[in-house]
Amino acid sequence: MRPLLLRSGRVVDPSQGLDEISDLLIREGKVAGIGRGLGVPDDAEVVDASGWVVSPGLIDLHVHLREPGQEDVETIASGARAAAAGGFTAVCAMPNTDPVTDNQAAVGFIVKQAQAAGAARVYPIGAISLGQRGVQLAEFGELVSAGAVAVSDDGRPVASSHLMRMALSYAQTFGIPVADHCEDPTLSGGVMHEGLVSTRLGLRGIPSAAEEIMVARDLLLAELTRGHIHLCHMSTKGSVDLIRRAKDKGIKVTAEVTPHHLILTDEACLGYNTHAKMNPPLRTAADVEALREALKDGTVDVIATDHAPHHYDAKEREFDDAPFGVIGLETALALGITQLVRPGILTLAELIDRMSCAPAKVFNLPGGTLRPGTVADVTVFDPEARWKVDPERFYSKSRNTPFAGWEVFGKVVMTIVGGRVVFRSGAD
Amino acid sequence: MSERSLGKDLLGLESLTAEQITLILDTAEPFKEVSERPIKKVPTLRGKTIVNLFFEASTRTRISFEFAEKRLSADTVNVAALGSSVQKGETLVDTARNLEAMRIDMVVIRHPSSGAAQFLAERIRSNVVNAGDGTHEHPTQALLDLLTLRDKFGRIAGLKVCICGDVLHSRVARSNIWGLLKLGAEVAVCGPPSLMPLGIEELGVTVFRRIEDAIQWADVLNVLRLQLERMHAGFIPSLREYYRVFGVTVERLERAPKDLVILHPGPMNRGVEIDSRVADGPHSVILHQVTNGVAVRMAVLYLLAGGRPELAEAAKGKGEVAE
Ligand SMILES: [Zn+2]
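This is a predicted model, so every value here is computed, not measured. (Residues numbered from 1 in each chain as written. Chains lettered and ligands numbered in written order. Predicted model: local features only at pLDDT ≥ 70, side-chain atom pairs only at ≥ 80, totals over all residues. Heavy atoms only, no water.)

Trainee: I keep staring at the packing of helix α2 (residues 59–71) of chain B against helix α12 (residues 286–304) of chain B and nothing clicks. Help me out?
Mentor: To characterise two packed helices, one gives the angle between the axes of the helices and the distance between these axes. Residue and element names in this part refer to chain B. Relative orientation of the contacting elements α2 and α12 amounts to 55°, with a least axis distance of 8 Å. It follows from the interaxial angle that α2 and α12 lie oblique. Handedness of the α2/α12 crossing: right-handed. Contacts between α2 and α12 pair R60, T61, S64, F65, F67, A68, E69 and R71 from the former with V290, G293, V294, R297, M298 and L301 from the latter. (Axes fitted to C-alpha atoms, helices over the stretch in contact; angles between N-to-C directions. Helix = DSSP H or I, 4+ residues; strand = E, 2+ residues; numbered from the N terminus. Parallel < 35°, antiparallel > 145°, perpendicular 65-115°, else oblique. Left-handed = near helix turned anticlockwise from the far one by under 90°. Contact = heavy atoms within 4.5 Å.)

Here's what the structure looks like:
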């Protein structure tokens, strides 16, 4: 592999408190140096990065890659390429595939497919329970030894408090977090946020309390067990209030929020727009504001996309019958820049922290830093480049996004994984 | 959309203006008389093809639409497509494509999913009339309720109307709320809080917790049908208790400061939401509602087909209509 010198980019690395115009040298898969006027090795490729941002590679803790089972909507390879195109150097794949990732062989399969794809890294998340049936614990030890970085029954909630308690306790043996999709199954059954908009549309609602009850339970169990609870896709003000208090008490909790929950409200469902149907549902403007505040002050640690591909015509039906979920890998960075950084809600360094450094810390993954000697997972993007979201151009096999046609800023120029360029804009 | 037309479809009353609603009611007036004649037929929609597409069982609404269509001389086809929820999704897209291919002029759709009428309307060129979609809207029911009230009181503005019962699951309630508010009525709802949708006050309606208070306040009660399955889903403890606490009974009405007018969209559960003596009593206009249903539906079909309101009178009077 030739050394790569990124010359005169704006190097933003919150893990080192770095935000300056600098060169970055990558050699033998590692960050070899940051500074001005670094010597250029004879055989190096030199890229003029002036005007671009050079950051530690983005990491998405929550994606659904659908393989095995639904290869027509996404595969590990297409998902990993979509990730790379979106500036992600690593993604974590949820286990709600068919069959479920609840054993060593299933985890190994994902690792193997990801290696073959040679795009973004894909870290498997193992199931909490066998078949995600919520009854018997999966073999966490086997899952971890095969490459799993966390456990979750995402796609469905862990209804049994006892099972969640056992998972939080037992996972500590392996130092992995337990990630939960918080939803009280007896309060759900709706198709959108329960409020004025659902009342107008006559659609069954999912109250905020359905999430908050499980958040509260999980926090109590994390306190009881001293385990690490990771709360997926937080959507309500009440949830972040609970997390903030738990963090003050020293409970080991981390949390994510999706781009869509940071940007859209339940009004996006008006007109029965099935691209605004997701679970947890889009909530109110007050919730959006609380989520943004929580992301800013660190109550919510990371932005994760909950990338959920669906067949092209699955959303072409009545709202009640359309599946939950939207894709997000190829729009997350630009939406963050456009909707959070440009309006002054987050600084660019904060956005990079929430999409790279913090996710690496939360799941204890390599990357999330450009410290010399660490693995060279790097994202290069032009923060000013303006483009229009066109799902037809996605690398993902699916098109289900509520952001089609949006004008956004921030275009990925290069995605580098272990020193190798896995995506370069205009190179296809 | 001009005030003198409805546009392509009638999907709900939320999106209509007061002028458009009044236009429908005014257009219905001359059609009322058609149903009173020995030969109950005018040639207004001769040559038009209308499909009544019912994904949900409904005898009354379907029959009312069918009468309206036949009295306007349209060719009608009834399609009953009751199926499982998965089949239903596929059917609606495919059905839309098929209807388009058959060059249907109008579709009257009843469907268990909210938004289904809009879904269809956005995908076909034919006019679409919503005959009830899930728990969203049932615009022709609200229009016939409005027409009945206008017949009774000579006006809608300023009337105090309380909608009683399972507002949460009621498309009739939603359409009535929009229609009444737009025409200047004061609107209240009353029923078990477990059957009240969140944010209902924000629509501009008053909420009464007790039926006695509603009766003290109202000029009109619109008593909704209580779906018997609500009890099994845990929304209320029992039908017996529902009747005891929320039933519209003669005893309760006797304590009202004035004579109330009682509407019910049917079919009634006698002894659950309404006392038989009330349903059959002098304050009930329930059969008048049924009669008006046909006239209002004739008006809607006529206007959507491009009929000019000022010609509706002529349409019923003579055998010829300029189209
Ligand atoms: Zn989830």
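Structure's up, so let's keep going.
Trainee: Got a minute to help me understand the coordination of the zinc ion in this structure?
Mentor: Working reference: metal with six octahedral donors, ideal angles 90 or 180 degrees; metal with four tetrahedral donors, ideal angle 109.5 degrees. Coordination sphere of the zinc ion, protein contribution only: D154 of chain A (OD), H181 of chain A (ND1) and H233 of chain A (NE2), at 2.0 to 2.3 Å. Taking the relative accessible area as the measure of exposure, D154 of chain A reaches 2% and is therefore buried. (Donors = N, O, S within 2.8 Å, 3.2 Å for Na, K, Ca; no water. Buried < 20%, exposed > 50% of the residue type's maximum accessible area, 1.4 Å probe, protein only.)

Trainee: What am I meant to see in the sheet that holds strand β15 (residues 302–303) of chain A here?
Mentor: Residues and elements named next belong to chain A. In spatial order, the strands read β6-β7-β8-β9-β10-β13-β14-β15; together these 8 strands make up an open sheet with parallel pairing. Every interior strand has two partners, whereas the edge strands, β6 (58–63) and β15, have only one. Looking at chain direction, strand β14 (residues 253–257) and β15 are connected through 2 bridges and run parallel. Within β15, the position partnered with E256 by the bridge is V302. (Pairing = 2+ DSSP bridges.)

Trainee: How should I be thinking about the pattern of salt bridges in this particular structure?
Mentor: It is possible for side chains of opposite charge to pair when their charged atoms get near one another. One pass over the structure, following the stated rule, counts 36 salt bridges over all chains. When the shortest N-O distance is used, the salt bridge between D19 of chain A and R10 of chain A registers 2.9 Å. For D19 of chain A, a relative accessible area of 41% gives the class partly exposed. Where R386 of chain A meets E407 of chain A, a salt bridge forms, and the shortest distance between an N and an O atom there is 3.4 Å. On the criterion of sequence distance, the pair formed by R386 of chain A in strand β16 (residues 378–388) and E407 of chain A in strand β17 (residues 407–417) is long-range, its members being 21 residues apart. The exposure class of E407 of chain A is partly exposed, given its relative accessible area of 41%. Overlapping salt bridges bring together D26, E29, K32, R150 and D151 of chain B as one network. (Salt bridge = Lys/Arg side-chain N within 4 Å of Asp/Glu carboxyl O.)

Trainee: Before we go on, may I ask you to explain the interface of chain B and chain A in this structure?
Mentor: Reports often express the size of an interface as the amount of accessible area lost when the parts come together. Contact with chain B, which involves 27 residues of that partner, is made by 15 residues of chain A. At the boundary of chain B with chain A, the tally comes to 2 salt bridges. Of the charged contacts in the structure, one is a salt bridge between E14 of chain B and R200 of chain A, with a shortest N-O distance of 2.7 Å. In this structure, the connection of chain B to chain A is made through 10 residue pairs in polar contact (both at pLDDT 80 or more). The biggest single contributor to the side of chain B that touches chain A is helix α3 (residues 85–101) of chain B, with 6 residues. Across the side of chain B that touches chain A, the residue classes tally to 10 nonpolar, 10 polar and 7 charged. (Polar contact = N/O pair within 3.5 Å; in protein donor to acceptor, adjacent residues only side chain to side chain. Nonpolar A, V, L, I, M, F, W, Y, C, P; charged D, E, K, R; others polar.)

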